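# Close look at the chain arrangement
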Amino acid sequence: MGQIDLTVTIAGKTLPNPVGTASGTFGFGEEYSPLIDINALGAIYTKALTPEERPGNTPPRLAETTAGLINSIGLANPGLNKFLTEKVPILQNITAPIIVNVAGATQSDYIKVCEAMEECAPVWGVELNVSCPNVDHGGMSFGTSPPLLARLVAAVRKVIKKPLIVKLSPNVADISEPARAAEDAGADALSCINTLTAMKVDIHRRKPLIPRGTGGLSGPAILPIGVAAVWRSAKAVKIPVIGVGGISRPEDALEYLLAGACAVQTGTTLFTHPNTPLRVLSGIEQYMEQQGFQSISELHGFF
Amino acid sequence: MIQNQHNSEHPPCIQRTGKILANRSIARGCGEIRIGWNGAEIHPSPGQFLTLAPRRYPLPLLRRPYAYSSADSSGFGFIYQIRGPGSAELAELRPGDETDWLGPLGTGFPPPEPASRPILIAGGTGIGPIFYLAVALKEHGPLVVTGAREANLLPRLHWPPGVHVLPCTEDGSAGIAGTVMDALKETDTSSAEFYTCGPAPMMEAVHKLALEQNRPCWVSVEEIMACGVGACQGCAVSAADDTGTTYQRACLEGPVFNSRKLKWDR
């Protein structure tokens, strides 16, 4: 049997393997370096980056639910200038592909950050965050309106040649519509899904645990929702789809790959088990070997 | 013994499997677990913490943080209170059981200023890091004021010589009748360096006393955490800042903070 090919190609550029770390769960890469070989990752999707520094939302920002986690971080990040002066020197020493998650309140915010990422050597590509449920302006409002999304993606496409991935929101009736809108406007790939709008109520204080009321649900609880979103999106578009949401085990990642994903991201689970992405990767490899698959694309098309 | 991490880099954390050496009840609903290094000895500073992986992931989902209550050549310990699904499974642990720990995490207590008297105030499981700190500071003759509602909620611990302990109970069933603040009123705190860990109202009261006395005060906060390593920004606490929108991470800049750097009027 031939060598298994684990590489993933997006817009002509190659990721060494299909398992990355989801935005917001892995900082800018270095936080986890004492605990996991970060250079063995298929990609590091950074914490969202906005033009200006954002302190984030009023705490508490987290609520644990049954096999899930609600967060309301509010895109806390150092802003573009500090990213370039403080984070880039660290990212230069990481050999795993760095995909910067870009967020904003307005179209010009996204353009400003994407222009800088196009010029920033250690950045492999960009993941457009049009699906954050925890901010008042921008965020999910782009991702849930196909016309708005199309305009944003087309505008960003003009300033970036590097791979442009659009991270979609599951908080829509039919995810294939924003998926098609993003593809038609020039996206190179999609990632599905961001968190689901969710609430936990403190029955003793008789109000929501998170000050904003709702937050975004992640974790094992959302796995089947993410798999369905990838399946629908992959049927609707020709560009690659990246599966994210609730992956704890190799089997979870394989569900995404069989449903049409070309790659996956692990997120919330690595808070508990930092080695999750590498364990998932070796499980995928083992499955492919046992089942006689030689490339990721061979996993597609069974249903 | 105590590194001043408030001015320096942290040692890197590690994740290991350790065997439970002992799990004993120290008060009603409260226990102390000791875990062996199993070849991975580290030197956590008082105030630093570890996280334990849930044994039946994903119920519960997240690792739980516990401050070190001891660390020596044989292993390390922490004190827990049974309050939810994370801590409930700790009560079931028996010697020989394996557990997945990650540490040391966070920034611990700084050493006291010269010529000051360390006064340590603990409530609830806040006794864990305060016990470890008292042992580390025993040469300084620290005073530990520890409070509980009633006698059987006061942790039973073996304090080393040199540490002066002032237990208080609200119902008067042991020690001084009243709260830790009542006990502090009867204490000379004019040269105190305050260190406190416990319920937020108690820590706020100690902070206010420190302000009145113009003495330093260090608080160890407890927040829900996801990553524990500074990546997710989930454990943010509000900092004392004119803008009102500056946050610090309990897991990285904390859990120990100079009380004057936190916002208390929440």
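All of the points below concern the structure found in this document. (Residues numbered from 1 in each chain as written. Chains lettered and ligands numbered in written order. Predicted model: local features only at pLDDT ≥ 70, side-chain atom pairs only at ≥ 80, totals over all residues. Heavy atoms only, no water.)

### A short note on the interface of chain B and chain A
Tallying the contact residues gives 31 residues for chain B and 31 residues for chain A. Carbon and sulfur atoms make up 66% of the area that chain B and chain A hide from each other, which totals about 2,400 Å². Together, Tyr57, Leu61 and Tyr247 of chain B form the three largest contributors to the area buried by chain B at its contact with chain A, with a combined 23%. Connecting chain B to chain A are one salt bridge. A salt bridge links glutamate 64 of chain A to arginine 64 of chain B, with the nearest nitrogen and oxygen atoms 3.0 Å apart. Remark: the boundary between chain B and chain A carries seven residue pairs in polar contact (both at pLDDT 80 or more). At the level of secondary structure, the elements contributing two or more residues to the side of chain B that touches chain A comprise β1 (14-27), β6 (98-105) and β13 (236-238) of chain B. Of all the elements, β13 of chain B adds the most residues to the side of chain B that touches chain A, at three residues. The residue inventory of the side of chain B that touches chain A, partitioned by class, reads 22 nonpolar, six polar and three charged. (Contact = heavy atoms within 4.5 Å. Buried area = accessible area lost by both parts, 1.4 Å probe. Salt bridge = Lys/Arg side-chain N within 4 Å of Asp/Glu carboxyl O. Polar contact = N/O pair within 3.5 Å; in protein donor to acceptor, adjacent residues only side chain to side chain. Helix = DSSP H or I, 4+ residues; strand = E, 2+ residues; numbered from the N terminus. Nonpolar A, V, L, I, M, F, W, Y, C, P; charged D, E, K, R; others polar.)

### Quick notes on a nonpolar patch on the surface
Residues and elements named next belong to chain A. Together, Met199, Val201 and Ile203 line one region of the surface with nonpolar side chains, adding up to about 310 Å² of accessible area. Examined against the element boundaries, valine 201 turns out to sit in strand β12 (residues 201-202). Take valine 201: its relative accessible area is 47%, and that puts it in the partly exposed class. (Patch = residues over 30% accessible without salt bridge, like charges linked within 9 Å, V, L, I, M, F, W, Y side chains within 5 Å. Areas by Shrake-Rupley, 256 points an atom, 1.4 Å probe, with all protein chains shown as cover. Buried < 20%, exposed > 50% of the residue type's maximum accessible area, 1.4 Å probe, protein only.)

### Some words on the packing of helix α5 (residues 176-184) of chain A against helix α6 (residues 223-236) of chain A
All names here are of chain A. Here α5 crosses α6 at 45°, and the two axes come no closer than 9 Å. Viewed along their axes, α5 and α6 adopt a mutual orientation that is oblique. As for how α5 packs across α6, the hand of that crossing is right-handed. Contacts from Ser176, Ala179, Arg180 and Glu183 in α5 reach Arg232, Ser233 and Ala236 in α6. Tallied by class, the residues present in the contact of α5 with α6 amount to two nonpolar, two polar and three charged. (Axes fitted to C-alpha atoms, helices over the stretch in contact; angles between N-to-C directions. Parallel < 35°, antiparallel > 145°, perpendicular 65-115°, else oblique. Left-handed = near helix turned anticlockwise from the far one by under 90°.)

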